[in-house]
Amino acid sequence: MYSTPAYHKGVVIVGSSDHFIYGLNAKTGELIWKTEANKAVLGSPAVAKGKAYIGASDGIFRAIDVKSGKTIWTFDQVKGYVSTLPTLADGKVIFGSWQNGFYALDQKSGKLIWEWSNGHANRMFSAAACYPVVVNDKVFIVAPDRFMTAIDLKTGKTIWREKKDDYRVRESMGLSKDKKLVLAKTMDGELIGVPNNADNNGHQLEGKIKNYI
């Protein structure tokens, strides 16, 4: 299991490389249900309102009823495989995949709301391992191409996209307790904080980063 388990009302939900998504009794560990994918399930589930949202390696993203294990909807246009924990915000499921795919789906229907591209052909630059951070109507991501990007939550358009050689961000990120700073760990063991209202002026953005190391 590479998937991080989620919990909802007595049920633990987790994906497995044996192609199944499991619902287990949280007290006893007994199997309640299991749902089969076509390939390994390396993605982690995010749960809201009794639904588990999880990606697999078969190009399909699923919404599953936590109580019964029944599939509510599927989105079958994922490029590559999913290994991340999706972010749930504004009625959307937001996640990346290992072929430079990055998606926002409707939580109720699974329909594609927007898709964003980083412009790379090399899949190793995918924003597929970070957990997207949503704040101030923006989606923030970092990736192995060492860019930090802010995407419009509503439209999926790039607001700004910055790469700073002094701050080699990669995949680990989060949000400060007061939600004012988007946090990212660098490849050099530093933690940076970028204000959630940072603009697209590179010099100004760099100055703001320095203030929070």
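Conventions used here
- Residues numbered from 1 in each chain as written.
- Predicted model: local features only at pLDDT ≥ 70, side-chain atom pairs only at ≥ 80, totals over all residues.
- Heavy atoms only, no water.
- Helix = DSSP H or I, 4+ residues; strand = E, 2+ residues; numbered from the N terminus.
- Buried < 20%, exposed > 50% of the residue type's maximum accessible area, 1.4 Å probe, protein only.
- Contact = heavy atoms within 4.5 Å.
- Areas by Shrake-Rupley, 256 points an atom, 1.4 Å probe, with all protein chains shown as cover.
- Lys, Arg positive; Asp, Glu negative; His and termini not counted.
- Charge placed at Lys NZ, Arg CZ, Asp CG, Glu CD.
- Pairing = 2+ DSSP bridges.
- Axes fitted to C-alpha atoms, helices over the stretch in contact; angles between N-to-C directions.
- Phe/Tyr/Trp six-rings, centres within 6.5 Å; stacked < 30°, edge-to-face > 60°.
- Polar contact = N/O pair within 3.5 Å; in protein donor to acceptor, adjacent residues only side chain to side chain.

1. Describing the overall build of the protein chain
- Each helix and strand counted, the protein chain has one helix and 19 strands in total.
- With respect to the three principal axes, the spread of C-alpha positions in the protein chain is 55 × 35 × 30 Å.
- Expressed as a percentage of its 213 residues, the buried residues of the protein chain come to 50%.
- The contacts in the protein chain between residues at least 6 apart in sequence include a share of 39% that link residues at least 24 apart.
- Summed over all atoms, the accessible surface of the protein chain reaches about 10,400 Å², with 47% contributed by carbon and sulfur.
- On the protein chain, the mean spot of the 29 positive side-chain charges and the mean spot of the 21 negative ones are 5 Å from each other.

2. Some thoughts on unusual backbone geometry
- A positive phi angle is found at K9, which is not glycine, with a value near 50°.
- The phi dihedral of K179 is positive, around 65°, even though this residue is not glycine.

3. Comments concerning the sheet that holds strand β19 (residues 191–195)
- Across the sheet, three strands lie side by side as β17-β18-β19; this open sheet has antiparallel pairing. At either margin of the open sheet sits one strand with a lone partner, and together these are β17 (169–175) and β19. For this sheet, the mean inter-axis angle between neighbouring strands, taken without regard to orientation, is 30°.
- Both β17 and strand β18 (residues 181–186) contribute to a ladder of four bridges, which runs antiparallel. Looking across to β18, one finds that L175 is bridged to V182.

4. Let's talk about the packing of aromatic side chains
- Within the structure shown, the criterion is met by ten aromatic pairs.
- Seen in terms of ring centroids, Y53 and W73 are 6.0 Å apart; in terms of plane orientation they differ by 45°. Their pairing is tilted. Residue Y53 is found in strand β6 (residues 51–55), and its partner W73 is found in strand β8 (residues 71–75); the two are separated by 20 residues along the sequence. Just as Y53 is buried, W73 falls in that class too.

5. Thoughts on the side chain of N100
- One can find N100 in the loop between β10 (92–97) and β11 (101–106).
- Residue N100 is classed as buried on the basis of its relative accessible area of 10%.
- Here H120 takes part through its backbone oxygen, which lies 3.1 Å from a polar atom of the side chain of N100.
- Apart from residues lying up to four places away in sequence, N100 is in contact with W116, N118, H120, A121, N122, R123, F125 and S126.

6. Digging into the sheet that holds strand β5 (residues 46–48)
- If you trace the four strands from one edge of the open sheet to the other, you get β5-β6-β7-β8, paired in antiparallel fashion. Every interior strand has two partners, whereas the edge strands, β5 and β8, have only one. With direction set aside, neighbouring strand axes in the sheet form an average angle of 20°.
- Bridge analysis of strand β7 (residues 61–65) against β8 gives four bridges, and the strand direction is antiparallel. What sits directly across from F61, in β8, is F75.

7. Topic: the pairing of strand β12 (residues 112–115)
- Summarising the sheet, β11 and β12 pair through three bridges and their orientation is antiparallel. The partner of Y103 across the bridge, within β12, is E115.
- Between the antiparallel neighbours β11 and β12 lie five residues, among them G110 with a positive phi of about 80°.

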